[in-house]
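For reference, the chains in residue letters:
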Amino acid sequence: MLLFRPCMEGACGSSDQLPGGHDHPNNMLHTKLGQALRVAYYHALVFGLLGTTLQLRGQNRLIRVEKVSWLYLGYSLLISGCLLLDIYFMLPRAILDGYITHNIVLQWNFFAALGLRLAAIVCSYGLVWLQRRRLVKLYADSLHLWRSHRRILKRMVEQHALEELQLSLKNLFWRKTFVLYVTLLCSLVLQYQLLSVINRQSLTAFTARLSQFLHVLAAKMCFYALFLLLEHQFRAVHLALGALQRRKGGKQKVQDLRRIAAMHWDTFQLARRFFDLYDVANAMLFANMFVSTMSILYHAVQYNNQTIQSNAWGSLFGSGLIVFNFWGTLMLMGLLDRVVSSCNDLGQTLRQFSDLRKISKELQIEVSGRVDLFLRNVCICFCFQLELFARQLQRNRLVYKICGIVELNNSACLSYIGSILSHVIILMQFDLRRRQET
């Protein structure tokens, strides 16, 4: 899933590095951010979630996107087959004879979650097999985008500003990774405690669930990495506009504004292609998150009313699972909102150029001694480019919708949480009615 892997390796894979962990200025990507993205890449590589592998070639260790690797597609087919086979082992009699035997709500939840995991596997690997050429083209286009616009970033944006941006994204990625793995740890501890019988069959089912959880974790990490890199590109446009506003210049300033507008447009188109290509796969990911969160809360209710027996460790890890699951969900929604906002809020940065008198004064200082006709032409060209850029931003707003229907934003996040709580309350009512009947 990692479309920006080429630009990461092209920068961080190079041997030209400065002391103290900083990349060479030509690379434009901090080493620590590159290491974080490499972790996400290997998660996707191990689970066969890439369209093809990437290779290093040449004396400068430049990344080249190769044609579709049939060997890797075969490996992806093997991994998907193993994940589908895990579903068979997740239905042993030891689990069905356990704590969910006499609770119809837990049984429904178990089979609903199992069906959604099956759909997520089919959608994610179906994308790799059926859309592999589009995936490879997406990798190549992202590499071209990085190479074509890194020169203007290097020339206009100060190095420490880019480093600060990239280090903040690196810290955000590691926080999300920490939350994902702590959530996985808490879930595994509780899953093990819920095993009614410890034997070979139940441990096989437990291992099968572990592989399913790791697959979802790898998909989420790729999702995070892609959004972080899209945010990096949009934030870089903000930095370039801020640097342009502080600079003085005549014709060069007009050309730089045109290049910045082109960089934003290319990144916008790349983001829309990503949203369109991974639409169904990401929809299944969000559906799994919804059912998992609802299941966690309903299990918490069962623990609280002593329907499921637990000890102090179970209560500790159960509370941790609830906290970190909601934390991870809010972080994912927050990251998505950051990407969309960094694209759509560029108009606020563009308002720095609204003072045309100041622009004319700067241009007049630059072209002093020349005829007023040249000054007027430069002003007209600059204002024309500003108008074109403003219209481009107004007419092309980035929106993320699941299957083109449900828009994901902050209000949708609140509705998401409210819907989960409503469903849990409804399930609790069914549970109380069932108890009264028995």
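Preceding block: the structure.
A brief structural summary.

How each quantity is defined
Residues numbered from 1 in each chain as written. Predicted model: local features only at pLDDT ≥ 70, side-chain atom pairs only at ≥ 80, totals over all residues. Heavy atoms only, no water. Patch = residues over 30% accessible without salt bridge, like charges linked within 9 Å, V, L, I, M, F, W, Y side chains within 5 Å. Areas by Shrake-Rupley, 256 points an atom, 1.4 Å probe, with all protein chains shown as cover. Salt bridge = Lys/Arg side-chain N within 4 Å of Asp/Glu carboxyl O. Helix = DSSP H or I, 4+ residues; strand = E, 2+ residues; numbered from the N terminus. Buried < 20%, exposed > 50% of the residue type's maximum accessible area, 1.4 Å probe, protein only. Axes fitted to C-alpha atoms, helices over the stretch in contact; angles between N-to-C directions. Parallel < 35°, antiparallel > 145°, perpendicular 65-115°, else oblique. Left-handed = near helix turned anticlockwise from the far one by under 90°. Contact = heavy atoms within 4.5 Å. Nonpolar A, V, L, I, M, F, W, Y, C, P; charged D, E, K, R; others polar. 1 Å grid on protein atoms, 1.4 Å probe; cavity = no way out; pocket = protein on both sides within 12 Å on 5 of 7 lines; lining within 4 Å. Points joined across faces, edges and corners; volume = space filled by probe spheres on them.

1. Things to note about a nonpolar patch on the surface
Among the surface-exposed residues, V46, Y75 and L78 lie close enough to one another that they form a single nonpolar patch of about 270 Å² accessible area. The topology assignment puts L78 in helix 3 (residues 70–89). The exposure class of L78 is exposed, given its relative accessible area of 53%.

2. A few points about the packing of helix 5 (residues 104–130) against helix 8 (residues 200–246)
In the contact formed by helix 5 and helix 8, the axes pass within 11 Å of each other and the chain directions differ by 50 degrees. By the angle between their directions, the pair helix 5 and helix 8 is classed as oblique. At the point where helix 5 passes helix 8, the crossing takes the left-handed sense. The residues of helix 8 that touch helix 5, namely those facing F110, R117, I121, S124 and Y125, are R209, Q212, F213 and H215. Here the residues of the contact of helix 5 with helix 8 sort into 4 nonpolar, 3 polar and 2 charged.

3. Re the layout of surface pockets
Space inside the largest pocket adds up to approximately 910 Å³. Lining the largest pocket we find 46 residues, and of these S187, F213, S292, I296 and L321 sit closest to its centre. Elements represented by at least two residues in the lining of the largest pocket include exactly helix 5, helix 7 (159–193), helix 8, helix 10 (279–304) and helix 11 (312–344). Here the lining of the largest pocket is composed, by residue class, of 26 nonpolar, 17 polar and 3 charged.

4. Side note on the pattern of salt bridges
Throughout the structure, instances matching the rule amount to 7 salt bridges. As a salt-bridge pair, D141 and K137 come within 3.1 Å of each other at their nearest N and O atoms. Remark: K137 and D141 occur in helix 6 (residues 132–156); sequence separation between them is 4 residues, near one turn of the helix. Relative accessible area serves as the criterion here: at 49%, K137 is assigned to the partly exposed category. In this structure, a network of salt bridges that share partners links the residues K137, D141 and R273.

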